[in-house]
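What follows is each chain in one-letter form.
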Amino acid sequence: MTTDLTEQVLAAYASTPDPRLRELLAALIAHLHAFAVETRLTPQEWLAGIEFLTATGQKCDAQRQEFILLSDVLGLSSLVAEVNAASDATEPTILGPFYLAGAPQRAMGEQIGRPQDGSPVLIRGRVTGAAGEPVAGATLDVWQASGNGLYDTQDPEQPPFNLRGVFVTGLDGRYEFRAVRPVSYPIPTDGPVGDLIWRAARHHWRAAHIHAIVAAPGYRPVTTHIFDAGNPYLDSDAVFGVRDSLVRPFRPAGPDDPPDVSFVTEMDFALAPA
Ligand code: BEZ
Ligand code: FE
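Note that the structure is predicted; figures quoted are calculated from it, not measured.

Draft legend 1. Structural context of the nonpolar core. Ile123, Val127, Tyr175, Phe177, Val214 and Phe269 are the most contacted members of the largest nonpolar core, which totals 32 residues. Elements with a contribution of two residues or more to this core: β1 (120-128), β2 (139-143), β4 (174-180), β7 (209-215) and β8 (222-228). Element by element, the count of residues in this core is highest for β4, at four residues. Ranked by size, the runner-up nonpolar core spans nine residues in total, among them Val73, Ile197, Ala238 and Val239.

Next comes the structure, spelled out in structure tokens:
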């Protein structure tokens, strides 16, 4: 529904020179106005919303991005990943706030964690292109939380870049690395987004996962996860990041597997052309 006022505001932004900004502003104004009309938003509710967004901004600092967390719990981050997914490629999902650029490159098969981080798991697979061709020299930038549910950046007990590493595929497109079996962990709830979660009677658990950014020259990079099929939060991930195609069994290691791992999981990645 549009009102005369909405039309007036849309007209005021209709000459925005940048065409993409013009398109985004027009849609934003139309949807914001429709929201206020549809809900008959009161001045008190409007002010509560402003105060909530103000508190969200005030919670942000160099280590904490509460606005991204808000986007995450409203499903917007996940939707943006979905809208921008390439067809015939591994499904993308959210980046999350704990990615660190500059993780060390590690040797094929190397363990990214320490014994105290959890049960060792061997993760292996292939990176292929759209026609199924192996992608040699692709990088897998992987990161995960420790068994205590914390990333290295949240936990002074962990050395820098613990549970992070970059692996490079061989000529056959294959990679393998060792990690620890991921655990569910709570998203931060000590800010306004936490208040929202509790008021909505939601829980704050992420389904257990390992993050990966897979990239290679000539291909579109994909930011994604490997989810543990045995995890109880796959259907209710706090930030709506789960995709069925990314869920993998972590099977107990058998006599044919390397003796130093407790679990094995296989994950292939497909990349779309750039
Ligand atoms: C993560 O997976 O690292 C994450 C994503 C969204 C919110 C908090 C953590
Ligand atoms: Fe995570």
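That was the structure; now back to the text.
Draft legend 2. Inspection of the coordination of the iron ion (ligand 2) at higher detail. Coordination sphere of the iron ion (ligand 2), protein contribution only: Tyr151 (OH), Tyr185 (OH), His209 (NE2) and His211 (NE2), at 2.0 to 2.1 Å. Of note is the iron ion (ligand 2), whose six donor atoms meet at the metal with angles of 53 to 164° in an arrangement that counts as irregular. Residue classification places Tyr185 among the buried positions, given a relative accessible area of 5%. Look at His209 and you get buried, because its relative accessible area is 2%.

Draft legend 3. Broad picture of a nonpolar patch on the surface. A surface patch of nonpolar side chains, amounting to about 470 Å² of accessible area, comprises Phe35, Leu41, Trp46, Leu47 and Ile50. Counting residues per element, the nonpolar patch draws most heavily on helix α3 (residues 43-58), which supplies three residues. Position of Ile50 relative to the elements: it lies in helix α3.

Draft legend 4. Examining the side chain of His204 more closely. You can see His204 is positioned in the loop between α6 (192-199) and β6 (205-206). Look past the residues within four positions of His204 in its chain and what remains in contact with it is Tyr185, Pro186, Ile187, Thr189, Trp198 and Ala238.

Draft legend 5. Structural detail: a negative patch on the surface. Where like charges cluster on the molecular surface, the negative patch consists of Glu82, Glu91, Asp235 and Asp244. Its location among the elements puts Asp235 in the loop between β8 and β9 (247-248). For Asp235, a relative accessible area of 80% corresponds to the exposed category.

Draft legend 6. Inspection of the environment of Phe250 at higher detail. Along the chain, the position of Phe250 falls in the loop between β9 and β10 (251-252). Sequence separation between Phe250 and Ala229 is 21 residues, and the spatial gap between their C-alpha atoms is 7.0 Å. With near-sequence residues (within four places) excluded, Phe250 lies in contact with Val121, Arg181, Pro182, Ile226, Phe227, Asp228, Phe263, Val264 and Thr265.

How each quantity is defined
- Residue numbering note: each chain is counted from 1, following its sequence as written.
- Chains and ligands are labelled sequentially in the order written, the chains with letters from A and the ligands with numbers from 1.
- Local features in this predicted model are restricted to residues of pLDDT 70 or higher, and side-chain atom pairs are both shown and tallied only at a pLDDT of 80 or more, whereas totals for entire chains, interfaces and linings draw on every residue.
- Excluded from the side-chain calculations are hydrogens and water; all other atoms, namely the structure's heavy atoms, are used.
- The set of buried Ala, Val, Leu, Ile, Met, Phe, Trp, Tyr and Cys residues whose side-chain atoms join them within 4.5 Å is what this entry labels a nonpolar core.
- Burial status follows relative accessibility: with a 1.4 Å probe on protein chains alone, a residue under 20% of its type maximum counts as buried, one over 50% as exposed, and anything between as partly exposed.
- Note on conventions: DSSP H or I runs of at least 4 residues are helices, E runs of at least 2 residues are strands, and numbering of each starts at the N terminus.
- Any nitrogen, oxygen or sulfur atom within 2.8 Å of a metal ion counts as a donor, with the limit raised to 3.2 Å for Na, K and Ca, and since water is left out, coordination shells can look unfinished.
- Each label reflects the angles at the metal, where four donors whose angles all fall between 85 and 135 degrees are tetrahedral, four or six donors whose opposite pairs open beyond 155 degrees and whose other angles stay between 65 and 115 are square planar or octahedral respectively, and the rest are irregular.
- Patches in this entry comprise residues that are over 30% relatively accessible and not in a salt bridge; like charges within 9 Å are linked, as are nonpolar side chains (Val, Leu, Ile, Met, Phe, Trp, Tyr) within 5 Å.
- Using a 1.4 Å probe, the Shrake-Rupley method yields the accessible areas, and only the shown protein chains count as cover for residues.
- What counts as a salt bridge is simple: a side-chain nitrogen of Lys or Arg found within 4 Å of a carboxyl oxygen of Asp or Glu.
- Note on contacts: a residue pair is in contact if any heavy atoms of the two residues lie within 4.5 Å.
- A residue counts as positive if it is Lys or Arg and as negative if it is Asp or Glu; His and the chain ends are not included.
- For this purpose, a charge sits on NZ of Lys, CZ of Arg, CG of Asp or CD of Glu.

Everything listed is a geometric property; what it means functionally is a separate question.
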